[in-house]
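Observations on the three-dimensional arrangement
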Amino acid sequence: MTQPYMDWDAAYRQDTPPPWSIGAPQPELARVIDEGNVRGEVLDSGCGHAALSLALAEQGYTVVGLDASATAVAEAAATAAERGLTTATFARADMTDFGGYDGRFDTVLDSGLLHALPVDGRQAYVRAIHRAAAPGARLFILAFATRPFGDSTPGPNGFTADELRETVATCWTVDEVRPAKLYGNDTPAAGGPSSLPGVERDGAGHITMPGFLLSAHKDG
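Cut-off values and rules
Residues numbered from 1 in each chain as written. Predicted model: local features only at pLDDT ≥ 70, side-chain atom pairs only at ≥ 80, totals over all residues. Heavy atoms only, no water. Helix = DSSP H or I, 4+ residues; strand = E, 2+ residues; numbered from the N terminus. Contact = heavy atoms within 4.5 Å. Areas by Shrake-Rupley, 256 points an atom, 1.4 Å probe, with all protein chains shown as cover. Buried < 20%, exposed > 50% of the residue type's maximum accessible area, 1.4 Å probe, protein only. Pairing = 2+ DSSP bridges. Right-handed = clockwise from strand over helix to strand, strands pointing away. Core = buried A, V, L, I, M, F, W, Y, C linked by side-chain atoms within 4.5 Å. Arc of directions from axis to C-beta. Phe/Tyr/Trp six-rings, centres within 6.5 Å; stacked < 30°, edge-to-face > 60°. Salt bridge = Lys/Arg side-chain N within 4 Å of Asp/Glu carboxyl O.

For the protein chain, the name recorded in an unreviewed UniProt entry is SAM-dependent methlyltransferase, with Mycolicibacterium setense as its organism.

What follows is the structure in structure tokens.
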């Protein structure tokens, strides 16, 4: 949940967690898990601090978290070790061009990565996760809607529902795109996102922003 072209390691080296690192899975993806839609071995794509990977491992899933930030990956691995979660592993990867996992994952979860990539890197990413997915694998992508912080403020390149569907449908069979909320830490600062149009508060220390949850599958 951040801007393209940013220094990912710098974001994770700060004294406070980045806004998208809320210490728990995004509620929309937590619901996907609770509803029994995750199966087999899981790829947490762009895992960051890996709250999603860790929650899955605690439920007995085998999960691999990949991220461009070596700092985030190291912290995720350390947390997993501290909790004794042996079914969660982590590695640094260029998410638009990674290998070594061909046909491996039964479920792919993207918690705010696609919208953070440069627009010209999106198709390479969609192809990379498709290559890593097993036949019949399920994909869930949580992404910002267009201009989540308002029309006059720089921010991530979000999507309309049709744009998100079309981006993913080049490789995957899209089953549904529905409105969703993305959560971030409510850390007010001058010019920060919590004061911008389109941003709401949930009353529990988070801001919420409009987005979409896409579900898709890889044909067998």
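What follows continues from the structure just given.
Structural notes on the overall build of the protein chain
In terms of regular secondary structure, the protein chain is built from six helices and eight strands. Reading the protein chain from its N end, one meets helices and strands in the order α-α-β-α-β-α-β-β-α-β-α-β-β-β. By sequence separation, contacts in the protein chain at least 24 residues apart represent 72% of the contacts at least 6 residues apart. For the protein chain, the computed accessible surface area is about 9,500 Å², with 49% contributed by carbon and sulfur atoms.

Quick look at the side chain of Glu-41
Residue position: Glu-41 is located in the loop between helix H2 (27-34) and strand E1 (42-45). If sequence neighbours within four positions are ignored, Glu-41 has contacts with Thr-62, Val-64, Arg-104, Phe-105, Asp-106 and Thr-107.

Points about the pairing of strand E5 (residues 133-144)
Most of E5 is tucked away: nine of the 12 residues are buried. Pairing analysis gives six bridges linking strand E4 (residues 105-111) to E5, with the strands arranged parallel. Paired with Asp-110 across the strands is Ile-141, a residue of E5. Following the chain from E4 across helix H5 (residues 122-132) to the adjacent parallel E5, one finds a crossover that is right-handed.

Remarks on the nonpolar core
Counting 32 residues, the largest nonpolar core has Phe-98, Leu-139, Leu-164, Val-168, Trp-172 and Leu-214 as the members making the most contacts within it. Dropping the residues within four chain positions of it, Trp-172 is found in contact with Val-108, Val-126, Ile-129, His-130, Ala-133, Ala-137, Leu-139, Ala-216, His-217 and Lys-218. Formed by 29 residues, the second largest nonpolar core is a distinct cluster that contains Val-38, Leu-56, Val-63 and Leu-182.

Some points on H2
For H2, every residue scored as buried is listed here: Glu-28, Leu-29, Val-32 and Ile-33. Buried residues of H2 fall within an arc of 145 degrees about the axis and therefore sit on the same side. Looking one or two places after H2, you find Gly-36, whose phi comes out positive at around 80 degrees.

As for the packing of aromatic side chains
Under the criterion given, the structure shown has three aromatic pairs. Seen from their ring centres, Tyr-12 and Trp-20 are 5.9 Å apart, and the 85 degrees between their planes marks the pair as edge-to-face. Neither residue differs from the other here; Tyr-12 and Trp-20 are each classed as buried. Each member of the aromatic cluster is reached from another via a ring pair, and the members are Phe-98, Tyr-101 and Phe-105.

Points about the pairing of strand E3 (residues 88-92)
Strand direction decides the pairing type here: strand E2 (residues 63-67) and E3, joined by five bridges, are parallel. Note on E3: the bridge partner recorded for Gly-65 is Phe-90. You can see the chain leave E2, run along helix H4 (residues 70-83) and come back into E3, and the turn it takes is right-handed.

Remarks on the environment of Thr-89
Assignment of secondary structure puts Thr-89 in strand E3. The exposure class of Thr-89 is partly exposed, given its relative accessible area of 41%. With 36 residues separating them in the primary sequence, Thr-89 and Ser-53 have C-alpha atoms 8.6 Å apart. Those residues within four positions of Thr-89 in sequence are excluded, and the remaining contacts are Val-63, Val-64 and Gly-65.

Details of the pattern of salt bridges
This model, assessed by the stated rule, comprises five salt bridges. We note a salt bridge from Arg-31 to Glu-28, for which the minimum N-O separation is 3.0 Å. Of this pair, Arg-31 and Glu-28 both sit in helix H2, three residues apart, roughly one helical turn. Residue classification places Arg-31 among the partly exposed positions, given a relative accessible area of 38%. According to the relative accessible area criterion, Glu-28 is buried, its value standing at 8%. Of the charged contacts in the structure, one is a salt bridge between Glu-41 and Arg-104, with a shortest N-O distance of 2.8 Å. Taken as a pair, Glu-41 in the loop between H2 and E1 and Arg-104 in the loop between E3 and E4 lie far apart in primary sequence, 63 residues in all.

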